[in-house]
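Residues per chain are reported as follows:
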Amino acid sequence: MRIDIITVVPELLASPLNESILKRAQESGHAEIYVHNLRDYTDDKRRTVDDYPFGGEAGMVMKIEPVYRCIEKLKSERDYDEIIFTSPDGITYNQHEANRLSLMKNIIILCGHYKGVDYRIREHLITREISIGDYVLTGGELAACVIADSVVRIIPGAIGDEASALTDCFQDNLLAPPVYTRPAEFNGWRVPEVLLSGNFAEIERWQEEQAFERTQTLRPDLIADK
Ligand code: ADE
């Protein structure tokens, strides 16, 4: 899978995209992630990417030309399955959307900044608008990292242990059951006996019950959504 991220602050993306699973997924060829600096698509000396809004509101707006040039250049090189804009007024991101995106071959993520992008970009070029929650970030870069991370880790083969990704929290609309590791007793606190029993059918049943109970208590809305 290939992800092209367009941003006015490329520095913000460097570390999250180049460590841990995302780093390994790129090294093993499961994912290619490219960051494009929007200023490289400007044509003035000051490399201007924003301007005052028509109508006289406060704040600045991402200019249409650099964004258009960058997206059109990428589109001329390959077909894209989705061109995403990160914005607090997009659809709320969740595991279902991550699963859907992980099946795609090429996606672009345009990181929103300032008061947003000239609306004509959203009307004519963007195919999906995504928010990572009902709060406002300084820019869409952190949202782009969240999307890239959650999508790449579920590409088949990207993490060594595929079964692990399939039992993630939210797959099945359930929270994950509690997990423990050695020692079996610490400070007088014991790991649930069933996990030490070696009876895998029992263990699986216990994990399912726990997942359901935790979801019912902590996130009943997920069960209602099922
Ligand atoms: N940009 C600013 N806030 C955002 C959010 N909550 N989700 C996605 N992009 C954003």
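Above this text is the structure in question.
Residues numbered from 1 in each chain as written. Predicted model: local features only at pLDDT ≥ 70, side-chain atom pairs only at ≥ 80, totals over all residues. Heavy atoms only, no water.

Draft legend 1. Local environment of a nonpolar patch on the surface. On the surface, a cluster of nonpolar side chains totalling about 350 Å² of accessible area is made up of Leu 12, Tyr 135, Leu 137 and Leu 142. For Tyr 135, the location among the structural elements is in the loop between β7 (128-131) and α6 (141-152). Accessibility expressed as a relative area gives 43% for Tyr 135, which makes it partly exposed. (Patch = residues over 30% accessible without salt bridge, like charges linked within 9 Å, V, L, I, M, F, W, Y side chains within 5 Å. Areas by Shrake-Rupley, 256 points an atom, 1.4 Å probe, with all protein chains shown as cover. Salt bridge = Lys/Arg side-chain N within 4 Å of Asp/Glu carboxyl O. Helix = DSSP H or I, 4+ residues; strand = E, 2+ residues; numbered from the N terminus. Buried < 20%, exposed > 50% of the residue type's maximum accessible area, 1.4 Å probe, protein only.)

Draft legend 2. Examining the packing of helix α4 (residues 95-102) against α6 more closely. At a minimum axis separation of 8 Å, α4 and α6 run at an interaxial angle of 70°. In terms of their interaxial angle, α4 and α6 are classed as roughly perpendicular. Viewed along their axes, α4 and α6 form a crossing whose handedness is right-handed. Where α4 approaches α6, its residues Ala 98, Leu 101 and Ser 102 are matched on the opposing element by Ile 147, Ser 150 and Val 151. When grouped by side-chain class, the residues that make up the contact of α4 with α6 number four nonpolar, two polar and no charged. (Axes fitted to C-alpha atoms, helices over the stretch in contact; angles between N-to-C directions. Parallel < 35°, antiparallel > 145°, perpendicular 65-115°, else oblique. Left-handed = near helix turned anticlockwise from the far one by under 90°. Contact = heavy atoms within 4.5 Å. Nonpolar A, V, L, I, M, F, W, Y, C, P; charged D, E, K, R; others polar.)

Draft legend 3. Molecular detail of the environment of Ser 150. Secondary-structure assignment places Ser 150 in helix α6. Residue Ser 150 is classed as buried on the basis of its relative accessible area, which comes to 15%. Spatially, the C-alpha atoms of Ser 150 and Ala 98 are 6.2 Å apart, while their sequence positions differ by 52 residues. Apart from the residues within four sequence positions on either side, Ser 150 is in contact with Tyr 93 and Ala 98. In terms of polar contacts, Ser 150 uses its side chain to reach the side chain of Tyr 93, at 2.8 Å. (Polar contact = N/O pair within 3.5 Å; in protein donor to acceptor, adjacent residues only side chain to side chain.)

Draft legend 4. Representation of the nonpolar core within the structure. Core analysis: the largest hydrophobic core is formed by 29 residues, its most contacted members being Ile 3, Ile 5, Leu 101, Ile 109 and Val 152. Of all elements in the fold, only β1 (2-7), α1 (11-17), α2 (20-27), α4, β6 (106-111) and α6 reach the threshold of two or more residues within this core. Among the elements that line this core, the one with the most residues is α6, at six residues. Once residues within four sequence positions are removed from consideration, Ile 109 is found in contact with Ile 3, Asp 4, Ile 5, Ile 6, Ile 84, Thr 86, Ala 144 and Ile 147. (Core = buried A, V, L, I, M, F, W, Y, C linked by side-chain atoms within 4.5 Å.)

Draft legend 5. Just the sheet that holds β7, in detail. As summarised here, the arrangement of the five strands in space is β2-β1-β6-β5-β7, forming an open sheet in which the pairing is parallel. The open sheet has two edge strands, β2 (32-37) and β7, and neither has a second partner. For this sheet the average axis-to-axis angle between neighbouring strands, irrespective of direction, equals 30°. One ladder, built from five bridges, connects strand β5 (residues 82-92) with β6; its direction is parallel. (Pairing = 2+ DSSP bridges.)

Draft legend 6. View of the site of the ligand. In the vicinity of the ligand, the contacting residues are Thr 86, Ser 87, Pro 88, Ile 130, Ser 131, Ile 132, Gly 133, Tyr 135, Val 136, Leu 137, Gly 139 and Ala 143. Within the backbone of Ile 132, one N or O atom sits 2.9 Å away from a nitrogen atom of the ligand. Within the backbone of Leu 137, a nitrogen or oxygen atom sits 2.9 Å from a nitrogen atom of the ligand. Secondary structure elements with two or more residues in the shell around the ligand: β5 and β7. (Near = heavy atom within 4 Å.)

Draft legend 7. Seen up close, the pattern of salt bridges. A full pass over the atoms with the stated rule returns 17 salt bridges. A salt bridge links Arg 2 to Asp 4, with the nearest nitrogen and oxygen atoms 2.8 Å apart. Looking at Arg 2, the relative accessible area reads 12%, which means it is buried. You can call Asp 4 buried: its relative accessible area is 0%. A salt bridge links Arg 128 to Glu 97, with the shortest nitrogen-to-oxygen separation between them at 2.9 Å. In this pair, Arg 128 sits in strand β7 while Glu 97 sits in helix α4, placing the two residues 31 residues apart along the sequence. Glu 97 sits in the buried class, given a relative accessible area of 3%. One network of salt bridges, with partners in common, ties together Glu 82, Glu 97, Arg 100 and Arg 128.

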